[in-house]
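# Analysis of the macromolecular model
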Amino acid sequence: MSKKNKSLFVDCSEAATCCTKAQYDEAGFFEKIKLMIHLAFCRTCRTFSSKNSKLTRKIEEANLKCCSEEKKREWRESINKLHREEHS
Amino acid sequence: MPSNQLDPNKWVDRYSDYLFNYTIVRVNDREVANDLISETFLAGLKSAKNFKGEASERTWLISILKRKIIDHYRRNNSKKGQAEVKINYTGEDSEGEWLEEQVADQFDRTAEDEMENNELGLAILDCLDSINEKQAAIFKRKTIDGVDTEAICNEFDITPSNLWVIIHRARTALAACMEKNWF
Ligand SMILES: [Zn+2]
């Protein structure tokens, strides 16, 4: 881990993690620098990075909503209850 | 032997997000959407014996939900739409027709791109269905619910680096799945 942190040159898998963190604004300063350096010479990761950003935009556009965990729990309970009743 | 079978105990985990996103854009109200989904699950259980296994479980639930949404408009219309009926239609037997127009109207009023985005959202959920269940669950918590990294790590008992690897895998699978239709 310490060896990884010291170098500004990272492998594709570390670059990919940085890239994904960056999609959530959770990449640190050095992670961003490492990613930029890596992208400068790695075509594969550049392609992936643009796909990853596109996915972020699509997810934003889709404006997905989740129902609350509380509701889900309620549904689970009533389904289980009814289901049991019908099979007893 | 039917190719598709019902497994009601998995309905909530498998379909509630999909049903919710399908409904919310059509009724524009979380409470109403939740109620319609409750009714759908219960109606599904009650008519489970009629399930022939020809459609997928989700398609079947959606067909029940569609009827619930129409019923919802019907109920609303009978409360506040009477005056409009009288203005637009004189014959009583045209009620069915009018209702369909009302529903279509509602769809028009929701901006068209909103429907398109809804389709996009359903496609995303569809793709998430096809990837590893745990990856999909963690991805949803992070991306859709917007939960903190730390909280998700606690919830699933994983380290932050595990989390990022999982999210990364989920995103790669998702992008590959979406590529066919949306990229
Ligand atoms: Zn690379």
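Just so we're clear, the structure is a prediction, and the values are computed from it rather than from any experiment.

### Here we look at helix α2 (residues 12-23) of chain A
Across its twelve residues, α2 of chain A extends 17 Å between first and last C-alpha, which sits within 8% of the 16 Å expected from 1.5 Å per residue. Directly beyond the C-terminal end of α2 of chain A, a positive phi value near 55° is found at D25 of chain A.

### Considering the domain arrangement of chain B
All names here are of chain B. Segmenting chain B into domains produces domain 1 (1-103) and domain 2 (111-181). Across the contact, nine residues belong to domain 1 and eight residues belong to domain 2. Buried area between domain 1 and domain 2, summed over both chains or domains, comes out near 840 Å², and the portion from carbon and sulfur atoms is 51%. Sorting the residues of domain 1 by area buried against domain 2 places Y18, V25 and R58 first, and these three jointly supply 49% of that buried surface. Taken together, the connections running from domain 1 to domain 2 amount to three salt bridges. For the salt bridge of R58 with D126, the shortest nitrogen-to-oxygen distance reads 2.5 Å. Taken together, the connections running from domain 1 to domain 2 amount to four residue pairs in polar contact (both at pLDDT 80 or more).

### Considering a nonpolar patch on the surface
A contiguous nonpolar surface patch, about 610 Å² in accessible area, is contributed by L8, F9, F29, F30 and F41 of chain A. Locating F29 of chain A in the fold gives a position in helix α3 (residues 29-41).

Rules used in this analysis
- Residues numbered from 1 in each chain as written.
- Chains lettered and ligands numbered in written order.
- Predicted model: local features only at pLDDT ≥ 70, side-chain atom pairs only at ≥ 80, totals over all residues.
- Heavy atoms only, no water.
- Helix = DSSP H or I, 4+ residues; strand = E, 2+ residues; numbered from the N terminus.
- Expected span 1.5 Å × (residues − 1).
- Domains from an automatic or database assignment.
- Contact = heavy atoms within 4.5 Å.
- Buried area = accessible area lost by both parts, 1.4 Å probe.
- Salt bridge = Lys/Arg side-chain N within 4 Å of Asp/Glu carboxyl O.
- Polar contact = N/O pair within 3.5 Å; in protein donor to acceptor, adjacent residues only side chain to side chain.
- Patch = residues over 30% accessible without salt bridge, like charges linked within 9 Å, V, L, I, M, F, W, Y side chains within 5 Å.
- Areas by Shrake-Rupley, 256 points an atom, 1.4 Å probe, with all protein chains shown as cover.

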